[in-house]
Amino acid sequence: MFSLDWIYYAISWILLTWHSAWDAIGVPVGAVIGTNWAWILSIIFLVVTVRVILFPVFVKQIKSQRAMQALQPKVKELQEKHKGDRETLQKEMMELYRKEKANPLMGCLPMFLQIPVFLGLFHTLKRLNPDNQGKTLYGWTVDQFHSASSATLFTAPISGRFGSTADDLAKLGANGTTVKIVAGILVLIMIATTYLTSRQMILKTGWAEDPQQRMVQRLMLYGIPVSLLVSGSIFPIGVIIYWVTNNLFTLGQQQWVLRKFPPLVPPKNAGKTSTAGKTTAQPAKTGGLLGRKTVQPAAKAPAAAPKVAAPKPGAKPLNPKKGSRPAKRQG
């Protein structure tokens, strides 16, 4: 059977390293405002560590998404050409992706790579029970284990869950009402940030024209946030902190990418044909975090040359040539 111990060791090592760093710079070990900030910051910077490691993958994801977006007109042509012949369509699309070096799966790769981290943290926090006998498992010392198992966020243990039983809370020495309030608020924040993350991605890449891909987008936008109402009740508070932090990091990272690399304008929206047959440029629009659209100002037309009024009949010229004299009148 495949063992995940290497993941648990890696996650524990990162958490313990960050905790030692915060302890070294003077972050209080004890609770302040009912919170052990050294352990909370360790979870937050676990996210930072993972995202920094995955940043090259994120850059490849953005390049792949832009390549896929640029290929949409060709994909649509293939869909029209091979309408009703799904097998041929799939072969032609795979050949197109290979030729243009675009990978449809690259857009999901960063998310898949973070799944082991999520599972590792879930397992690590779940075992932070004072009654657990394996205190030195995954490189922990007894003191570190006791410190983490008693760590709290506003007096709610980071290993506590919204759905924790009375026996579990008794072992942690926690108040059930406090745990449910803290966990419930965090779950709502987790759902909201998950929705915003998916919405921001769809605003950046646009809705897919393929019905199946559009269904997947709707599942990501609405299905996953709704499912968190149920699954969020089994997540330890520390895992929800990780999830929320990861979502906020993603929102900031995607917003930076939107500003630095605006989405490609689809050909059908790139211009508008006038009655004279000329194409007039339209301002590009980029989606913001909440769907607000930022309109790039259109280029101003060059100013027309000022019109010079013609001289009236019989009037003297304004700038007569030097040396020219009016003709003499015949007597």
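Rules used throughout
Residues numbered from 1 in each chain as written. Predicted model: local features only at pLDDT ≥ 70, side-chain atom pairs only at ≥ 80, totals over all residues. Heavy atoms only, no water. Phe/Tyr/Trp six-rings, centres within 6.5 Å; stacked < 30°, edge-to-face > 60°. Helix = DSSP H or I, 4+ residues; strand = E, 2+ residues; numbered from the N terminus. Salt bridge = Lys/Arg side-chain N within 4 Å of Asp/Glu carboxyl O. Buried < 20%, exposed > 50% of the residue type's maximum accessible area, 1.4 Å probe, protein only. Axes fitted to C-alpha atoms, helices over the stretch in contact; angles between N-to-C directions. Parallel < 35°, antiparallel > 145°, perpendicular 65-115°, else oblique. Left-handed = near helix turned anticlockwise from the far one by under 90°. Contact = heavy atoms within 4.5 Å. Nonpolar A, V, L, I, M, F, W, Y, C, P; charged D, E, K, R; others polar.

Draft legend 1. Quick peek at the packing of aromatic side chains. Summed over all chains, the structure comprises 13 aromatic pairs. Ring plane angle 85 degrees and centroid distance 6.4 Å describe the contact between Trp37 and Phe154, whose orientation is recorded as edge-to-face. One end of the pair, Trp37, is in helix α2 (residues 37-53); the other, Phe154, is in the loop between β1 (152-153) and β2 (156-157), with 117 residues separating them in the sequence. With a centroid separation of 5.8 Å and an interplanar angle of 25 degrees, the aromatic rings of Phe235 and Trp243 are classed as stacked.

Draft legend 2. Representation of the pattern of salt bridges. Under the criterion given, the structure shown has three salt bridges. Here Glu95 makes a salt bridge to Arg98, at a shortest N to O gap of 2.5 Å. Placement of the pair is Glu95 and Arg98 together in helix α5 (residues 86-100), with a separation of three residues, close to one helical turn. Assessed through its relative accessible area of 56%, Arg98 is described here as exposed. For Asp168, the salt bridge identified is with Arg161, shortest N-O distance 3.4 Å. When its relative accessible area of 24% is taken as the criterion, Asp168 is described as partly exposed. By relative accessible area, Arg161 is classed as partly exposed at 24%.

Draft legend 3. Representation of unusual backbone geometry in the model. The backbone of Tyr138 sits at a positive phi, close to 65 degrees, despite the residue not being glycine. In this fold, Tyr138 is placed in the loop between α6 (109-126) and α7 (142-149).

Draft legend 4. Examining the environment of Leu219 more closely. Inspection of the secondary structure assignment puts Leu219 in helix α10 (residues 211-231). With 21 residues separating them along the chain, Leu219 and Ser198 place their C-alpha atoms 9.7 Å apart.

Draft legend 5. Inspection of the packing of helix α4 (residues 72-81) against α5 at higher detail. One can describe the packing of α4 onto α5 by two numbers: an axis separation of 10 Å at closest approach and a directional angle of 160 degrees. Put simply, α4 runs roughly antiparallel to α5. Both α4 and α5 take part in a crossing whose hand is right-handed. Counted together, Lys74, Val75, Leu78 and Gln79 of α4 and Leu89, Glu92, Met93, Leu96, Tyr97 and Glu100 of α5 form the full contact between these two elements. Along the lines of polarity and charge, the residues of the contact of α4 with α5 split into six nonpolar, one polar and three charged.

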